[in-house]
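So you can see what is in the structure, the chains are spelled out below.
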Amino acid sequence: MSIRSQAFTITGSTTLEVKDAGIQSVAGEAPKTLKAITISVSAWNGAIVKAYEGQTQKQGAYDTDFRGYAAIASLTEGNTVLKSGFEVDRTLEVGNPYQVAVGSASTATSIRGSYIYEQDD
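Just so it is clear, the model here is predicted, and its values are computed rather than measured.

(A) Up close: the overall build of the protein chain. Secondary structure summary: the protein chain contains 0 helices and 8 strands in total. Reading the protein chain from its N end, one meets helices and strands in the order β-β-β-β-β-β-β-β. Its C-alpha atoms put the protein chain at 45 × 30 × 20 Å along the principal axes. Burial analysis of the protein chain (121 residues in total) assigns 40% to the buried set. A total of about 6400 Å² of accessible surface is found on the protein chain, and carbon and sulfur atoms cover 48% of it. One finds the centroid of the 10 positive side-chain charges in the protein chain at a distance of 3 Å from the centroid of its 13 negative side-chain charges.

(B) Just the pattern of salt bridges, in detail. Applying the stated rule across the entire model yields 5 salt bridges. Glu17 serves as the salt-bridge partner of Lys50, at 2.9 Å between the closest nitrogen and oxygen. Of this pair, Lys50 sits in strand β4 (residues 48–53) while Glu17 sits in the loop between β1 (2–10) and β2 (18–19); the two residues are 33 residues apart in sequence, bridging distant segments of the chain. Taking the shortest distance from any N to any O, the salt bridge between Glu53 and Lys58 comes out at 3.7 Å.

(C) Expanded view of the packing of aromatic side chains. Applying the stated rule across the entire model yields 2 aromatic pairs. Here the aromatic rings of Phe66 and Phe86 are separated by 5.6 Å at their centres, their planes lie at 90°, and the arrangement is edge-to-face. Of this pair, Phe66 sits in the loop between β5 (56–62) and β6 (85–91) while Phe86 sits in strand β6, placing them 20 residues apart in sequence. Accessibility assignment for this pair places Phe66 and Phe86 in one class, buried. Directly above the ring of Tyr117 sits Lys32, whose terminal nitrogen or CZ lies 5.4 Å from the centroid. Positioned above the aromatic ring of Tyr69, the side-chain terminus of Arg112 is 3.8 Å from the ring centre.

(D) Quick peek at the sheet that holds strand β7 (residues 98–102). Reading across the sheet, the 4 strands line up as β2-β7-β4-β5 and stay open at both edges, with antiparallel pairing between neighbours. Two strands in the sheet have a free side with no partner beyond their single neighbour: β2 and β5. Note: β4 against β7, 5 bridges, orientation antiparallel. Each residue of the ladder has a partner; that of Ala51, found in β7, is Val100.

Conventions used here
Residues numbered from 1 in each chain as written. Predicted model: local features only at pLDDT ≥ 70, side-chain atom pairs only at ≥ 80, totals over all residues. Heavy atoms only, no water. Helix = DSSP H or I, 4+ residues; strand = E, 2+ residues; numbered from the N terminus. Buried < 20%, exposed > 50% of the residue type's maximum accessible area, 1.4 Å probe, protein only. Areas by Shrake-Rupley, 256 points an atom, 1.4 Å probe, with all protein chains shown as cover. Lys, Arg positive; Asp, Glu negative; His and termini not counted. Charge placed at Lys NZ, Arg CZ, Asp CG, Glu CD. Salt bridge = Lys/Arg side-chain N within 4 Å of Asp/Glu carboxyl O. Phe/Tyr/Trp six-rings, centres within 6.5 Å; stacked < 30°, edge-to-face > 60°. Lys NZ or Arg CZ within 6 Å of the ring centre and 35° of its normal. Pairing = 2+ DSSP bridges.

Put into structure tokens, the structure is as follows:
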């Protein structure tokens, strides 16, 4: 079994929740076990970052809970312990993607990260 990653980038919106294509197991291949999702944000605007399995929301947190990939002016010593993403540990099914989404905010928050998963060779 090897550990692999699949990168993603989501450009946020001021009016809509935006999802990425997600990750899922593929018929004819060994199933993928999603271990974690790493996430970093462009800014802290109060947007909610969510993880979905199919249509069901599994996790969510404000963008202020995640580290930034760009300089964030409001970063202070009081908020330097930030999440690196979501822990998942779930075997993925064919046709049922696990996806990340970023909600709307008055100023769009973009996110980037990667799905970390295990899969038999």
